[in-house]
Amino acid sequence: MAGRPGSVTIADVAREAGVSTATVSRVLNGTGTVSPAARDRVLAATTTLGYVTSSAAASLASGRTRNVGIVVPVLNRWFFSSVVEGAQAELAETGYDVTLYNLRGGHGIRQRVFSDFLRRQRVDGVIAVSLRLDEAEVASLKAVGKPVVGLGGAIDGVPAYEVDDLEIARLATDALVSLGHRRVVHLGSEPDSPDGFRLGEHRYEGYAAAMRAHGLEPAPNDLTADFTVAGGLAAGRRLFASGDRPTAVFAASDEMAVGLMLAAREAGLSIPEDLSVVGIDDHELAETMGLTTIAQRPDEQGRRAAAHLVALLRGEGEAPESGVTALPYALVERTSTAPPQR
């Protein structure tokens, strides 16, 4: 039976869980090594007894806030919001709150986040999403003992996760060329895309390399959009109004691919009979639109980065201090691709 607020002690939780009070403290403070089975018993006991940790007292006692900062370049993009959702779910399961830092707004906001906000001792660690941290930013975090995990590309001295954008683009392009397409266009990202790791450039380079490997001439990197459906629609309208129509398009994101598909239908084209389209992401719209895509599961990326950070905070396992871990991806074939009509 749950006790009255404030009447249940750590000793009560320890007796209920069959562990020591030190183990309960390690679980609740997120410090030290505790077996998964013991952690589950402690958490179950706190629920059964109605034990609520005083966050202020725990912070004073452990020097920890039980709070993680997640820094993103923008939030109103499906990829970034999916990463945050996955990371937040993982952190909630392990007893951490989240403070979100959205850098949209320019250099001034970014400077304040790294020089001030993240150094106020309000977070225990940081997940940097698609941000190339410079030496001063990394040093600023390390100076106050904040572990950092990167997502989206390599960061000096920081463990990070990334998808190989060159190989993703090659796989998408190969999927079209293997069907017999020879006139394949790449719909890429605009130069000011909110990404710190040259994602757009890498995906174009992968496309161009795949085309040349098949003895084909890549199209110029001048068909671009802003990773949104509206941007893909506008780019598609420009492409189809030019009169120089390809038989296939590889789009650097599913949202742009969906917009381009809508533009193709406006122009009286049938997919895939008149035009084949491949995207990247496996966005929630991809299955609805029958879009062939490269799935990269940003929610799972967020979960992996968060789990790694929690491991660093707990001092568990052999979590490397630096280096890049490659993330999985896979071709998902649907109805937006077919051999070109002869």
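Refer to the structure presented above.
My aim in this report is to walk through the structure given alongside it, one point at a time. Being a predicted model, the structure only gives us computed values, none of them experimental.

The rules behind each value
- Residues numbered from 1 in each chain as written.
- Predicted model: local features only at pLDDT ≥ 70, side-chain atom pairs only at ≥ 80, totals over all residues.
- Heavy atoms only, no water.
- Helix = DSSP H or I, 4+ residues; strand = E, 2+ residues; numbered from the N terminus.
- Buried < 20%, exposed > 50% of the residue type's maximum accessible area, 1.4 Å probe, protein only.
- Contact = heavy atoms within 4.5 Å.
- Areas by Shrake-Rupley, 256 points an atom, 1.4 Å probe, with all protein chains shown as cover.
- Pairing = 2+ DSSP bridges.
- Axes fitted to C-alpha atoms, helices over the stretch in contact; angles between N-to-C directions.
- Expected span 1.5 Å × (residues − 1).
- Parallel < 35°, antiparallel > 145°, perpendicular 65-115°, else oblique.
- Left-handed = near helix turned anticlockwise from the far one by under 90°.
- Nonpolar A, V, L, I, M, F, W, Y, C, P; charged D, E, K, R; others polar.
- Core = buried A, V, L, I, M, F, W, Y, C linked by side-chain atoms within 4.5 Å.
- Phe/Tyr/Trp six-rings, centres within 6.5 Å; stacked < 30°, edge-to-face > 60°.
- Lys NZ or Arg CZ within 6 Å of the ring centre and 35° of its normal.
- Polar contact = N/O pair within 3.5 Å; in protein donor to acceptor, adjacent residues only side chain to side chain.

1. Some points on the overall build of the protein chain
And step 1. Secondary structure summary: the protein chain contains 13 helices and twelve strands in total.
And step 2. By residue count, 50% of the 342 residues in the protein chain fall in the buried class.
And step 3. Sequence-distant contacts, at least 24 apart, represent 72% of the contacts inside the protein chain between residues at least 6 apart.
And step 4. Accessible surface for the protein chain amounts to roughly 15600 Å². Of this, 51% is attributable to carbon and sulfur atoms.

2. Some thoughts on the sheet that holds strand 2 (residues 97-102)
And step 1. Overall, parallel pairing links the six strands, which are arranged 2-1-3-4-5-11 in an open sheet. Taken across any chain shown, the strands that pair with only one partner, and hence form the sheet edges, are strand 2 and strand 11 (323-326). Taken over all neighbouring pairs, the strand axes of this sheet differ in orientation by 20° on average, direction set aside.
And step 2. Contacts from helix 13 (residues 298-314) reach strand 1 (67-72), strand 3 (125-129), strand 4 (148-151), strand 5 (159-162) and strand 11, with the element oriented near 165° to strand 4.

3. What to know about helix 9 (residues 199-213)
And step 1. For helix 9, with 15 residues, the first-to-last C-alpha span of 21 Å sits near the 21 Å given by 1.5 Å per residue.
And step 2. Every buried residue of helix 9 is accounted for by L199, G200, R203, Y204, G206, Y207, A208, A210 and M211.
And step 3. Where the residues of helix 9 are buried, they touch helix 8 (165-177), strand 6 (184-189), strand 8 (248-251) and strand 9 (276-281).
And step 4. Where helix 9 ends, the next residue or the one after it, G215, has phi of about 75°, a positive value.

4. A few points about the sheet that holds strand 6
And step 1. Here six strands make up an open sheet; going across it, the order is 7-6-8-9-10-12 and the pairing mixed. If you trace the sheet from one side to the other, it starts and ends with strand 7 (224-225) and strand 12 (330-332), each paired once.
And step 2. By the bridge criterion, four bridges tie strand 6 to strand 8 in an arrangement that is parallel. From the neighbouring strand, V184 faces strand 8, where its bridge partner is A248.

5. Quick notes on the packing of helix 10 (residues 229-241) against helix 11 (residues 254-266)
And step 1. It is at 6 Å that the axes of helix 10 and helix 11 come closest, and there the two elements cross at 45°. What the angle tells us is that helix 10 and helix 11 run oblique. Note that helix 10 runs across helix 11; the crossing there is right-handed. For the pair helix 10 and helix 11, contact is made by V229, G232, L233, G236, R237, L239 and F240 and by E255, M256, V258, G259, L260, L262, A263, A264 and E266, respectively.
And step 2. Of the residues assigned to the contact of helix 10 with helix 11, the class counts are ten nonpolar, three polar and three charged.

6. Here we look at the packing of helix 5 (residues 78-93) against helix 13
And step 1. Relative to each other, helix 5 and helix 13 sit at 40°, their axes nearing to 7 Å. By the angle class used here, helix 5 and helix 13 are oblique. Crossing geometry of helix 5 relative to helix 13 is assigned as right-handed. Contacts from W78, F79, S82, V83, G86, A87, A89, E90, L91 and E93 in helix 5 reach P298, D299, Q301, G302, R303, A306, A307 and V310 in helix 13.

7. Topic: the nonpolar core
And step 1. Counting 68 residues, the largest nonpolar core has I127 and L187 as the members making the most contacts within it.
And step 2. Setting aside chain neighbours within four positions, we find I127 in contact with V68, G69, I70, V71, A87, V149, A305, A306 and L309.
And step 3. Counting residues in each nonpolar core, the second largest holds 16 residues, with F114, A128, L133 and V158 among its members.

8. Some words on the packing of aromatic side chains
And step 1. Enumeration over the complete set of coordinates arrives at three aromatic pairs.
And step 2. Here the aromatic rings of Y101 and F117 are separated by 6.3 Å at their centres, their planes lie at 20°, and the arrangement is stacked. Note that Y101 is positioned in strand 2 and F117 in the loop between helix 6 (107-115) and strand 3, a separation of 16 residues in sequence.
And step 3. Here the basic side chain of R66 rests over the ring of Y96, its NZ or CZ set 4.2 Å away from the ring centre.

9. Notes on unusual backbone geometry
And step 1. Put simply, I271 and P272 share a cis peptide bond, and its omega is 10°.
And step 2. Along the chain, P272 falls in the loop between helix 11 and strand 9.
And step 3. In this structure, R297 is a non-glycine residue whose phi angle is positive, near 45°.
And step 4. By relative accessible area, R297 is classed as partly exposed at 44%.

10. Quick notes on the side chain of N67
And step 1. Along the chain, N67 turns up in strand 1.
And step 2. Its relative accessible area of 10% is what places N67 among the buried residues.
And step 3. A distance of 2.7 Å separates the side chain of N67 from the side chain of T99, its partner in a polar contact.

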